[in-house]
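Coordinates in review
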Amino acid sequence: VKTYPVKVGLWRQIRSRQPSVQAVSNVNLTIEPGEVVGLVGESGCGKTTTGKMLVRLEKPTAGSVRLDGTDIFQLKGRELRSFRRRMQMVFQDPYDTLNPRRSILETLMQPLRYLGLEASAAAQRERALEALDHVELGALGDFSNRYPHQLSGGQRQRVAIGRALVVEPDIIVADEPVSMLDVSVRASVLKLLQRLNRERGIGILLITHDLATAKFLCDRVIVMYLGKVVEEMPSSAMPRAVRHPYSKLLLASVPDLRSEPSGPREHLDGAAPSAIDPPSGCRFHPRCPLAVPRCSTEEPSLRPMGEGSHMAACHVL
Ligand code: SF4
């Protein structure tokens, strides 16, 4: 029986020659057992930093990440190893994340060895081969003895997912898992993640810039802008119920999710401002088509929007 949710309340500041700035500012999110949550926004919005803090690869400057009520940054020894097993991360670039000198079988056995999950090499090998089956590589000839350079991008990402899966995690944080892959294999990798969630009950935090991908895979979607959560909603409510001006402009850049198939299309103008010098008030105000004078001085808080768990942070909604 799974007892988490993971609860996150995070601040993270970047130290630089400039005055310190917040890469992630007061982000609160919860992942319930077996839930798929999408964390969506443009690059630089703090979503990867949030994902890394969730698996303890980066430390928040304030706040905490709690798994079963325990602050993960207080864990040591056996408890820390147990946490490492339960929370796994799959990275964006399948070309970078696999050791080129390790065979696929060794790659999948290594986390079992590191976490002390199987005593014998034979048992580790058996579990590694099972994981290859689960990511649908087992039937395609003897993949286990190949090396990363002998695989396609999609196959490498499946191996990376298998490496996360082999330790039987509760949650996988998947950071843009298909953005570096050929368009032709993206859907199959997303369907693999969906199957692992449905059949094995693995919770997923999907980090993506693409609202269409989030709607396809996720139960709930959280939209971030420049280190802050600006909207959170059930994905079943998309695109109909989207309220925040930033989320709407993100949606407008995804043709198959647009509720209005015709008419003038709005665009996000320019790149997001630098996190080194975030705008005052609502951080989105320099790019917002609905901005009013109050937006440049007063920061909006997340508040309920209509029914259910829909929340948004905007003065004019
Ligand atoms: Fe736009 Fe103002 Fe709402 Fe921010 S608070 S999204 S600037 S209208």
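Everything here concerns the structure above.
Residues numbered from 1 in each chain as written. Predicted model: local features only at pLDDT ≥ 70, side-chain atom pairs only at ≥ 80, totals over all residues.

The 8 strands lie next to each other as β6-β7-β8-β3-β9-β10-β12-β11, forming an open sheet whose pairing is mixed. Edge positions in the open sheet fall to β6 (87–90) and β11 (303–304), since each of these has one partner strand only. Summarising the sheet, β6 and strand β7 (residues 171–175) pair through 4 bridges and their orientation is parallel. Bridge pairing in β7 links Val90 to Ala174. Relative to the sheet, helix α8 (residues 245–252) contacts β9 (220–225) and β10 (228–234), its axis offset from that of β9 by approximately 105°. (Pairing = 2+ DSSP bridges. Helix = DSSP H or I, 4+ residues; strand = E, 2+ residues; numbered from the N terminus. Contact = placed C-beta atoms within 7 Å. Axes fitted to C-alpha atoms, helices over the stretch in contact; angles between N-to-C directions.)

Turning our attention to the site of the ligand. Surveying the vicinity of the ligand reveals the residues Pro245, Cys282, Phe284, His285, Cys288, Leu290, Ala291, Cys295, Pro300, Cys314, His315 and Val316. In terms of residue class, the shell around the ligand is made up of 10 nonpolar, 2 polar and no charged. (Near = placed C-beta within 6 Å. Nonpolar A, V, L, I, M, F, W, Y, C, P; charged D, E, K, R; others polar.)

Among the 5 residues that make up β7, 5 are buried, leaving the element largely enclosed by the rest of the structure. Because side chains alternate across β7, one face comprises the buried residues Ile171, Val173 and Asp175, and the other comprises Ile172 and Ala174, equally buried. Here 5 bridges tie β7 to strand β8 (residues 203–208), and the two strands are oriented parallel to one another. Across the sheet, residue Ala174 finds its bridge partner in β8, namely Leu206. (Buried ≥ 20, exposed ≤ 12 C-beta atoms within 10 Å, placed from the backbone.)

As a rule of thumb, nonpolar side chains are buried together in soluble globular proteins. In terms of nonpolar packing, the biggest core is built from 79 residues, with Ile204, Leu205, Leu206, Ile222, Val223 and Val230 touching the most fellow members. If sequence neighbours within four positions are ignored, Leu205 has contacts with Ile31, Val37, Leu39, Gly51, Leu54, Ile171 and Val173. (Core = buried A, V, L, I, M, F, W, Y, C linked by C-beta atoms within 7 Å.)

What follows covers the environment of Gly306. Mapped onto the secondary structure, Gly306 falls in the loop between β11 and β12 (311–312). Exposure remark for Gly306: the 10 C-beta atoms within 10 Å place this residue in the exposed category. When the C-alpha positions of Gly306 and Ala241 are compared, they lie 9.4 Å apart, and in sequence the two are 65 residues distant.

Here we come to unusual backbone geometry. Of note, the amide linkage connecting Met238 to Pro239 takes the cis form, showing an omega dihedral of -5°. Non-glycine residue Arg56 carries a positive phi angle of around 70°. As for its position among the elements, Arg56 is in the loop between α1 (47–54) and β4 (62–67). In the Ramachandran plot, Glu168 falls in the positive-phi region, its phi being about 55° despite a non-glycine side chain. Look at Glu168 and you get partly exposed, because 14 C-beta atoms sit within 10 Å.

As a further point, take helix α3 (residues 104–114). Buried within α3 are the following residues: Ile104, Thr107, Leu108, Met109, Pro111 and Leu112. Against the buried residues of α3 lie α4 (121–134) and α5 (153–165).

For α4, with 14 residues, the first-to-last C-alpha span of 20 Å sits near the 20 Å given by 1.5 Å per residue. Residues of α4 that are buried: Gln124, Ala128, Ala131 and Leu132. Each buried residue of α4 sits inside an arc of 105° when the element is viewed along its axis, so together they form one side. Exposed side of α4, more than 90 degrees from the buried face: Ala122 and Asp133 are the residues found there. If you follow the buried residues of α4, they end up packed against α3 and α5. Immediately downstream of α4, the backbone of Glu136 shows phi near 65°, a positive value. (Expected span 1.5 Å × (residues − 1). Arc of directions from axis to C-beta.)

It is worth spelling out the packing of α3 against α5 at this point. Put simply, α3 and α5 touch, their axes get as near as 8 Å, and they point 30° apart. The angle between α3 and α5 places the two elements in the roughly parallel class. Handedness of the α3/α5 crossing: right-handed. Two secondary-structure elements touch here, α3 through Ile104, Thr107, Leu108 and Pro111 and α5 through Val159, Gly162 and Arg163. (Parallel < 35°, antiparallel > 145°, perpendicular 65-115°, else oblique. Left-handed = near helix turned anticlockwise from the far one by under 90°.)

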